[in-house]
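# Report on the structure
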Amino acid sequence: MDQITVTLPPVNILADMAVLRPEIALAVGAMALLMLGVFRGGESARLVSSLAALLLIAVAGYVVWSWGTETTAFGASFAVDAFASFAKVLILTGSALAIIMAQGFLRSEKLERFEFPVLIVLAALGMLMMVSANDLIALYMGIELQSLALYVLAAFNRESKRATESGLKYFVLGALSSGLLLYGCSLIYGFTGTTNFTVLAQVLGGGEAGLGVIFGLTFLMAGLVFKISAVPFHMWTPDVYEGAPTPVTAFLAAAPKVAAFALILRVLSDPLMPLVDEWRQIVIVVSVLSMMLGAFGAIGQTNIKRLMAYSTIGHMGFALVGLAAGSAGGVKGVLIYMAIYMITNIGTFVVVLSMRRKEGMVEDITDLSGLSRTQPLLAFALAAFLFSLAGIPPLAGFFGKLYVFIPAVEAGLWWLAVIGVIASVIGAFYYLRVVKIMYFDEPAPAFEHVMGTEMRLILWGATAIVVAFIVIAGPVGQLAGQAAAALIG
């Protein structure tokens, strides 16, 4: 491979720090909230949670306000553009909603501690660094900051054996994926002489990649695929989803998935686009396996959280169909798909958090029996979310799949889209089974959970978006198109 010299912009500390205003705000805010919790003690949990949610919403507002800014910082290792802004708004929104959703559960389970919102803010900080990473080292720092916070959150209920086991399993397998990712990064650096995405794109575009770079790409993909719960690195997902406290499961299913997918899009669509024919093969295999495992694996599940885990695996496979297209249209489709997926999952978990009786939280699907007669509005909302996840028109999930299947067909991968449709039909069985239980089975004892105003707003806001997505499809598609153009051009 010929030697290529690329001049990166010089580091200007003050100017570069200004580019990182959202990340600095979260870092300083997390430390301030931590100190507030330490000095005020246990009674500060609600205050810290409220302030953390406000901080995340305020930072999301700033990102929206600064939309359209395109610049880099710290020697082009950190990038800000429309793509990063789109992903950051989703991440910050999902993180804020996770904090709000968790309050009632944490109080009822006697888990109300100020560390919970601080950990979510730190995880959000890591995610923001991930989607703006323009260097392999920056990429790794963002992933690890997010992951360390998520490991603790998964085992947040220290009195629960299931939660402790899920946190340990997540940590051990996460360490394995981290090692694979680092090995891939080291190979890529060793055979190209750079870790910067801008330089990497020019080096790889200047000639054929050697076998070492291909090996590095494979290991890098293995580490990234773990973060989105795709096959074959999905094995942690059902156990962690089931064992972790339900608000943590809701968080894991939302913002971190958006961040991980945005990172994959940036890595593959920017520096590694010259190797599209090589990485497309990996994406296609992972996509097919994920869609099929998600479709068949969920059929026999009786626990609603495990069912949602297999649903997540399947939906990551669907999103990868758009990535396999290797085009701006595919990136746009994936961004829309992930936005719809996040909103739908948050709404679904609001319903799951409402499954409470005298004896405590219940998670069995049969506990939803006859919900349409005991709580008809809750049953309607859950049915809308499940139909959307199944991809039934005219709900949001249908448009999400349409946006990722069309670019795949345009790229000549029509057979991959056909497999996606087949997997959707198979997956619809277990979603419809839950709807059948809610509407046609004999009623189980009614849930005794009294939903607060915040939870009602989240539930009906998500329901409105899912049911009436066709109304906002144009503006959302336009923003996603701008984000995709900023990434691919």
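About the thresholds
The residue count restarts for each chain, going from 1 along the sequence in the order it is written. Only residues with pLDDT of 70 or above have their local features reported here, since the model is predicted, and side-chain atom pairs are shown and tallied only from 80 upward, although totals for entire chains, interfaces and linings are computed over all residues. To get the side-chain values, take all heavy atoms of the structure and skip hydrogens and water. Going along the chain from the N terminus, every DSSP run of H or I of four or more residues is numbered as a helix, and every run of E of two or more is numbered as a strand. Our radius of gyration is a C-alpha quantity, and the globule rule it is checked against amounts to 2.2 Å times the number of residues to the power 0.38. Throughout, exposure labels follow a simple rule: accessible area from a 1.4 Å probe, protein chains only, divided by the maximum for the residue type, with under 20% read as buried, over 50% as exposed, and the rest as partly exposed. Whether two residues are in contact is decided by their heavy atoms, any of which lying within 4.5 Å being enough. All accessibility values rest on the Shrake-Rupley procedure with a 1.4 Å probe; residue burial counts only the protein chains present in the view. Counting rule for charge: Lys and Arg are taken as positive, Asp and Glu as negative, and neither His nor the chain ends is counted. To locate a charge, take NZ of a lysine, CZ of an arginine, CG of an aspartate or CD of a glutamate. Multiplying 1.5 Å by the helix residue count minus one yields the expected span of that helix. Whenever a helix is involved, its axis is fitted only over the stretch in contact; in every case the axis is a line through C-alpha atoms, and angles between N-to-C directions fall within 0 to 180 degrees. Note that the term roughly parallel is reserved for angles under 35 degrees, roughly antiparallel for angles over 145, roughly perpendicular for angles of 65 to 115, and oblique for everything else. For this classification, Asp, Glu, Lys and Arg are treated as charged, while Ala, Val, Leu, Ile, Met, Phe, Trp, Tyr, Cys and Pro are nonpolar and the rest, including Gly, are polar. Stacked, edge-to-face and tilted labels apply to pairs of Phe, Tyr and Trp rings (six-membered ring for Trp) whose centres lie within 6.5 Å, assigned for plane angles under 30 degrees, over 60, and everything in between, in that order. A pair is scored as a salt bridge if a Lys or Arg side-chain nitrogen falls within 4 Å of a carboxyl oxygen belonging to Asp or Glu. Polar contacts, as counted here, are pairs of nitrogen or oxygen atoms within 3.5 Å of one another; within protein the pair requires one atom able to donate a hydrogen and one able to accept it, and residues that are adjacent in sequence qualify only if both atoms are side-chain atoms. Should the near helix be turned anticlockwise from the far one by less than a right angle, the crossing is termed left-handed; should it be turned clockwise, right-handed. Think of a nonpolar core as a cluster: buried Ala, Val, Leu, Ile, Met, Phe, Trp, Tyr and Cys residues, connected wherever their side-chain atoms sit within 4.5 Å.

## A word on the overall build of the protein chain
Along its length, the protein chain carries 21 helices and 4 strands. For 489 residues, the compact-globule estimate of 2.2 N^0.38 gives 23 Å, and the protein chain sits close to it at 22 Å. Its C-alpha atoms give the protein chain principal-axis dimensions of roughly 70 × 60 × 40 Å. Looking at the protein chain as a whole, 60% of its 489 residues qualify as buried. The long-range share in the protein chain, meaning contacts at least 24 apart out of those at least 6 apart in sequence, stands at 81%. Per element, the accessible surface of the protein chain, about 18,300 Å² overall, is 68% carbon and sulfur. Computed over 26 positive and 28 negative side-chain charges, the separation of the two mean positions in the protein chain equals 9 Å.

## Section: helix 12 (residues 255–269)
One turn of the α-helix equals 3.6 residues, which is why residues spaced by three or four share an orientation. Between its first and last C-alpha atoms helix 12 spans 21 Å; for 15 residues at 1.5 Å apiece the expected length is 21 Å, and the two agree. The buried fraction of helix 12 is high, at 15 of 15 residues.

## A look at the packing of helix 4 (residues 82–108) against helix 21 (residues 469–488)
Where helix 4 contacts helix 21, the axes come no closer than 7 Å and their chain directions differ by 130 degrees. Judged on the interaxial angle alone, helix 21 and helix 4 are oblique. Across from Ala82, Phe83 and Phe86 in helix 4, the residues of helix 21 making contact are Val476, Leu479, Ala480, Gln482, Ala483, Ala486 and Leu487. In the contact of helix 4 with helix 21, the residues fall into 9 nonpolar, 1 polar and no charged.

## Overview of the packing of aromatic side chains
Here the structure, examined in full by the defined rule, presents 12 aromatic pairs. Here the aromatic rings of Phe226 and Trp236 are separated by 5.4 Å at their centres, their planes lie at 35 degrees, and the arrangement is tilted. Here Phe226 is found in helix 9 (residues 211–227), whereas its partner Trp236 is found in the loop between helix 9 and helix 10 (237–243), with 10 residues between them in sequence. By relative accessible area, Trp236 is classed as buried at 1%. On the basis of an interplanar angle of 45 degrees and a centroid distance of 4.5 Å, the ring pair of Tyr430 and Tyr431 is categorised as tilted. For Tyr430, a relative accessible area of 3% gives the class buried.

## Observations concerning the environment of Ala396
Here Ala396 lies in helix 18 (residues 396–410). The buried category is assigned to Ala396, whose relative accessible area is 2%. Contact partners of Ala396, with chain neighbours within four places excluded, come to Ile340, Ser388, Ile465, Val466 and Phe469.

## Notes on the pattern of salt bridges
Tallied over the entire structure, the rule returns 14 salt bridges. A salt bridge links Glu363 to Lys305; the nearest nitrogen and oxygen atoms lie 3.4 Å apart. Note that Glu363 is positioned in the loop between strand 4 (360–361) and helix 16 (371–374) and Lys305 in helix 14 (residues 304–324), a separation of 58 residues in sequence. Here Glu363 falls in the buried class, since its relative accessible area comes to 13%.

## Section: helix 7 (residues 161–192)
If you check helix 7, its first and last C-alpha atoms are 46 Å apart, about what 32 residues at 1.5 Å a residue would give, namely 46 Å. Regarding helix 7, its N-cap is Ser160, as a side-chain oxygen of that residue lies 3.3 Å from the backbone nitrogen of Arg162 further along. At the exit of helix 7 stands Gly193, carrying a positive phi of roughly 80 degrees.

## Digging into the packing of helix 15 (residues 328–353) against helix 17 (residues 376–390)
Two elements in contact, helix 15 and helix 17, have axes separated by 9 Å at closest approach and are oriented at 145 degrees. In terms of crossing hand, the pair formed by helix 15 and helix 17 is left-handed. Between helix 15 and helix 17, the residues in contact are Thr344, Asn345, Gly347, Thr348 and Val351 and Leu378, Leu382, Phe385, Ser388 and Leu389, respectively. In terms of residue class, the contact of helix 15 with helix 17 is built from 5 nonpolar, 5 polar and no charged.

## Section: the nonpolar core
Taken as a class, soluble globular proteins show a tendency for nonpolar side chains to be buried jointly. Ranked by size, the top nonpolar core spans 175 residues in total, and within it Leu26, Leu268 and Leu272 carry the most contacts. The element contributing the most residues to this core is helix 15, with 17 residues. Residues within four places of Leu26 in sequence aside, it is in contact with Leu55, Leu56, Val59, Leu92, Val121, Ala124, Leu125 and Leu128. Listed in part, the 5 residues of the second largest apolar core include Val19, Leu20, Phe78 and Val80.

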